[in-house]
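Residue strings, one per chain:
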Amino acid sequence: MKKIAVLGATGSIGRQTLEVVDQLQGEVGVFALSAHGNVDLLAEQVDKYHPQVVAISDQSKLPLLRRRLSGWPGRVLSGEQGLVEIATAPEVDLIVSAVVGVAGLVPTYAALQAGKQVALANKETLVAGGHLIMAEANKRNSPLLPVDSEHSAVFQSLMGQDPTALKKIILTASGGPFLRSSLAEMEKVTPEAALAHPTWRMGEKITIDSATLMNKGLEVIEAHWLFGLDYDRIEVVIHPQSVVHSLVELVDGSILAQLGPADMRLPIQFALTYPERRVNTFSRLDLTSVGEIGFYPPDPQRFLSLQLAYAAGRTGGSMPTVLNAANEEAVRLFLGRRIGFTDIWRIVEVVMGEHDKQGLDQAPDLEAIIAIDQWARSAVKSCVRKVLK
Ligand code: MG
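Below you will find a few notes about this structure.

Let's shift gears to empty space enclosed by the protein. All chains considered together, the criterion is met by two cavities of 30 Å³ or more. Estimates place the volume of the largest cavity at around 60 Å³. The wall of the largest cavity is formed by Ser149, Ser152, Gln156, Trp200, His245, Gln258, Gly260, Pro261, Asp263, Leu266 and Pro267. Elements with a minimum of two residues in the lining of the largest cavity: α7 (149-158) and α12 (265-273). When grouped by side-chain class, the residues that make up the lining of the largest cavity number four nonpolar, six polar and one charged. If you add up the space inside the second largest cavity, you get close to 40 Å³. Along the walls of the second largest cavity sit Leu112, Lys116, Gln117, Val118, Ala137, Arg140, Ser142, Pro143 and Leu144, which together make up its complete lining.

Turning to the packing of helix α6 (residues 123-137) against helix α14 (residues 319-335), a few remarks are in order. Orientation of α6 relative to α14, taken along the N-to-C sense of each, is 140°, at an axis distance of 7 Å. Relative to α14, the element α6 is oriented oblique. Along this stretch, α6 crosses α14, giving a crossing that reads as left-handed. Listed contacts from α14 to Glu124, Val127 and Ala128 of α6 are Pro320, Thr321, Asn324 and Glu328. Class assignment of the residues belonging to the contact of α6 with α14 gives a composition of three nonpolar, two polar and two charged.

Conventions adopted
Residues numbered from 1 in each chain as written. Predicted model: local features only at pLDDT ≥ 70, side-chain atom pairs only at ≥ 80, totals over all residues. Heavy atoms only, no water. 1 Å grid on protein atoms, 1.4 Å probe; cavity = no way out; pocket = protein on both sides within 12 Å on 5 of 7 lines; lining within 4 Å. Points joined across faces, edges and corners; volume = space filled by probe spheres on them. Helix = DSSP H or I, 4+ residues; strand = E, 2+ residues; numbered from the N terminus. Nonpolar A, V, L, I, M, F, W, Y, C, P; charged D, E, K, R; others polar. Axes fitted to C-alpha atoms, helices over the stretch in contact; angles between N-to-C directions. Parallel < 35°, antiparallel > 145°, perpendicular 65-115°, else oblique. Left-handed = near helix turned anticlockwise from the far one by under 90°. Contact = heavy atoms within 4.5 Å.

See the structure below:
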């Protein structure tokens, strides 16, 4: 039995990972679970999956979790150290890194250093620390397993291909709910409208990122690290139907793609059973019910976030950390109705400009990444005071 640890078990990807575990009927065992602060759901998951260790990263929730689990014989850990302990436990074969935000970086890095297989759902890990993560991942002969649907599609399309045959990667984007809105309309968008994603059911932060296309921008940087390609060889196309999850173009002009239902459990399952495939009862794609599908270039005027992400990726060093942290903070302010929708990318652009003036760190270590992430978040707050009075 493959023993897994799920970091971020109560989030959208974590919950769907456990649904996949149910499907796999005893093939995968849950050794450890972590959550940020959702004590109730974590305790329910402990009852159902019988892990041996749990961790809560929000230290203030530790007493509550201990009370909820009183009488349970397993170990209860907390904080970043708790996540690292889970990620490196000798009993664990594979970790699912599904923590939200840059908090996923340290435990994921520790897991790789400990020789674990890693199924990566946390984009920020590669966006902020791609140079560190890939240096560690490339030391072993099992690949870093992407859980993001686009990267799983690229990964699957490349299986059996000679790496030198790859010309470019084509990531698909649904375009989100404002694909056909004007810039003036986008300025007045509410959080409710932005949270109504047309094709995917996801957590709040990533749903807003899908509406600005920042999610695709972060995925471009993720793809750069995972597949080792220059940014000129990573293309984004709008594909509103979310049927083709991404494609690869080979040197001879052939294009290969992976298609499927818009169901994250599929890439999650493939990461858990890789390199093998397993039957499941998830939804299936009925090609004849899809209707017409299309592919369009993204409009750079209305989706500045995507341009900012390419720029941050090309600049490299600490800039993607700033892009990601400033965006995360700006999304939080938008969801709290403190700023408008199009202010999200305005703020990110200003904060990236400030970081550029202060000087980049070309190859930040873990400590520097965390410090720069913190700086970018506070820079967002002062930017909001100055620019958006
Ligand atoms: Mg994705």
